[in-house]
Amino acid sequence: MTDRRKKVVIIGGGITGLSAAYYLQKKIKDHQLPIDLQLIEATHRLGGKIQTVKRDGYLFEKGPDSFLARKLAATKLAKEVGLGRELVGNEKGKSYILVKDTPHALPDGAVMGIPTKLSPFITTGLFSPVGKLRAAADFFIPKTKNQDDRSLGVFFRRRFGDEVVENLIEPLLSGIYAGDVDRLSLRSTFPQFLHAEHKYRSLIVGMKKLKEIHPQHGDDSEFKKNSVFLTLKEGLQSLVDGVEKAIDPDIITKGIKVEKIYKEDTTYELSLNSGKVIKADSVIVTSPHAAAQSMLSEYKIFEPLKHMPSTSVATVVIAFAQEALQDNLDAMNIAVSRNSDYTITACTWLNKKWPHAVPEGKVLLRCLVGRTGDEAVVDQPDDEIFKIVLEDLKKLITISAEPEFYAVTRWKQSMPQYTVGHHDMLDTMNEQLEKELAGLYVAGSSYEGLGIPECVEQGEDVAKKAVKYVQQ
Ligand code: FAD
């Protein structure tokens with residue numbers, strides 16, 4: 001290693017970039033490394049898609065609502081920045097799937113749509129008798145011979161038939177990505193199903209066994225039993241603020257956009273929209289992939305990112321006084337199958353899921369619109385989107401008064417789609433990066449998982465790689 005101080009620049013101050021900055025700074029401090037660090041964020045705030053709103057005693061999220069408790073990276077980060085006691089688990093409630101406009105209770109024992117208990121599946125009205133018989137073929141169908149990537153649709157249709165895919169698996173799984181099961185990659189979205197099939201042949205048997213082996217979340221003693229999701233009492237933005245506080249303020253530059261990145265011998269030059277050019281020995285790019293591709297458009301390596309689709313969605317949060325509604329369903333969550341004549345793709349009763357976030361006597365609904373192949377609604381004006389959502393809700397529950405307020409947030413091209421072959425595309429890109437642009441890393445929701453814990457994990461991982469690289 002030379003005596004010259006080295007510099008790592010992180011582009012993007014969403015949860016991935018922040019995690020990278022936090023873990024890099026930690027490593028630098030712990031080992032007194034001669035490394036300077038800078039995080040550059042295009043907007044005037046940190047957090048990227050994480051945006052908590054506090055309004056009239058309500059607390060809600062414009063973007064991500066919470067994170068999966070069983071994926072531990074976000075919990076670990078919250079604890080590291082002193083927010084462990086702020087973590088709160090969701091309340092349990094009834095979940096429904098809307099199939100051909102009829103709400104059906106989610107059968108007990110469904111793990112991400114896969115049955116692990118038989119009797120609720122035999123009695124559910126979600127599928128026809130023929131559909132149920134076809135699904136039972138899972139017990140006999142041999143496992144797939146090769147481990148090649150394929151779409152979720154191809155995989156699940158083979159094991160359970162079309163009806164179970166369309167009425168249950170599609171609305172649950174594709175909801176997370178706002179995607180199309182027939183295009184989403186099994187390997188990059190839910191590889192556990194491929195592993196379960198490989199090990200147990202039957203997915204029903206496999207998911208039952210895995211459920212017994214792995215508890216729903218990391219540490220039962222700390223959070224409400226069976227809480228699948230976690231947030232923080234003051235919202236996800238408080239995790240962002242906590243991490244920001246833990247990072248030396250001199251490291252963070254807000255309101256500056258990185259326009260281009262060039263490699264000059266062994267260093268990188270970053271041109272900023274302020275006209276300034278800064279140098280770095282290592283660069284971590286955590287912006288969404290389209291922005292990354294644009295910054296690095298000189299380099300063919302990133303061409304495949306041009307063809308990686310992203311879906312547009314909008315969240316619509318609506319607050320009512322309790323008296324304004326007659327809730328015959330008593331649902332906490334509704335997922336909507338594509339064969340229903342609805343525009344909303346999902347709806348959550350936030351007052352049931354997160355009672356701490358909603359004043360007593362109020363109802364707070366959060367609906368989603370937009371998914372692959374059905375995104376035009378996102379471009380409608382706010383009042384149009386609200387009207388469409390309200391019409392859908394009125395088909396489900398009785399609404400007799402105006403809401404106290406509503407808030408529409410558009411997320412244009414914000415849900416990266418991991419289509420079949422995504423993993424191979426990343427492998428090739430990373431291999432070429434190592435050869436041609438050593439010391440430059442890409443991380444975040446466009447690559448190895450779009451959940452908050454996966455983003456934190458990627459941030460920590462690239463922090464390690466960058467430190468190792470600049471020290472060699
Ligand atoms: P981002 O949050 O997009 O941050 C990237 C940052 O890079 C931004 O701040 C941007 O301004 C900055 N940037 C871009 N270009 C430049 C540039 N040229 N120079 C400098 N900075 C730049 N995940 C969950 O775990 N649970 C959920 O419930 C959940 N729900 C979601 C609901 C919605 C509506 C959406 C949109 C996403 C949801 N997600 C959820 C996914 C999750 O929110 C994201 O995957 C995650 O927050 C992405 O973090 P990131 O840091 O990778 O990217």
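Keep in mind the model is a prediction, meaning the values are calculated, not measured.

Focus: the pairing of strand S15 (residues 277-280)
Walk down a regular strand and you will see the side chains alternate between the two sheet faces.
And step 1. Side chains of S15 alternate between two faces, with Ile278 and Ala280 buried and Val277 and Lys279 left unburied.
And step 2. From the end of strand S14 (residues 267-272) to the start of S15, which pair antiparallel, there are four residues, and glycine 275 there has a positive phi angle of about 95 degrees.

Description of helix H6 (residues 162-177)
And step 1. In the structure, H6 departs most strongly from a straight axis at isoleucine 169, where the bend amounts to approximately 55 degrees and where the proline proline 171 lies between one and four residues downstream.
And step 2. Within H6 the residues assigned to the buried category are Val164, Val165, Asn167, Leu168, Ile169, Glu170, Pro171, Leu173, Ser174 and Tyr177.
And step 3. Following H6 by one or two positions, alanine 178 adopts a phi angle in the positive range, close to 50 degrees.

Some thoughts on the site of the ligand
And step 1. Taken together, 35 residues are adjacent to the ligand, and Thr16, Glu41, Lys49, Ser66 and Leu450 come closest.
And step 2. The contact in question runs from an oxygen atom of the ligand to an N or O atom on the backbone of isoleucine 15, over 3.1 Å.
And step 3. A distance of 2.7 Å separates an oxygen atom of the ligand from a polar backbone atom of isoleucine 452.
And step 4. Protein chains bury 88% of the 1,000 Å² of accessible surface belonging to the ligand in isolation.
And step 5. Of all the secondary-structure elements, those providing two or more residues to the shell around the ligand are helix H1 (15-30), strand S2 (35-41), helix H11 (289-295), strand S17 (310-321), strand S23 (405-416) and helix H16 (452-471).
And step 6. Tallied by class, the residues present in the shell around the ligand amount to 16 nonpolar, 15 polar and four charged.

Details of the environment of alanine 292
And step 1. Mapped onto the secondary structure, alanine 292 falls in helix H11.
And step 2. According to the relative accessible area criterion, alanine 292 is buried, its value standing at 0%.
And step 3. Once the C-alpha coordinates of alanine 292 and leucine 325 are considered, the two residues, 33 residues apart in sequence, prove to be 46 Å apart.

So, how was this worked out
Residues numbered from 1 in each chain as written. Predicted model: local features only at pLDDT ≥ 70, side-chain atom pairs only at ≥ 80, totals over all residues. Heavy atoms only, no water. Buried < 20%, exposed > 50% of the residue type's maximum accessible area, 1.4 Å probe, protein only. Helix = DSSP H or I, 4+ residues; strand = E, 2+ residues; numbered from the N terminus. Pairing = 2+ DSSP bridges. Bend = angle between axes of the 7 residues up to and from the residue. Near = heavy atom within 4 Å. Polar contact = N/O pair within 3.5 Å; in protein donor to acceptor, adjacent residues only side chain to side chain. Areas by Shrake-Rupley, 256 points an atom, 1.4 Å probe, with all protein chains shown as cover. Nonpolar A, V, L, I, M, F, W, Y, C, P; charged D, E, K, R; others polar.

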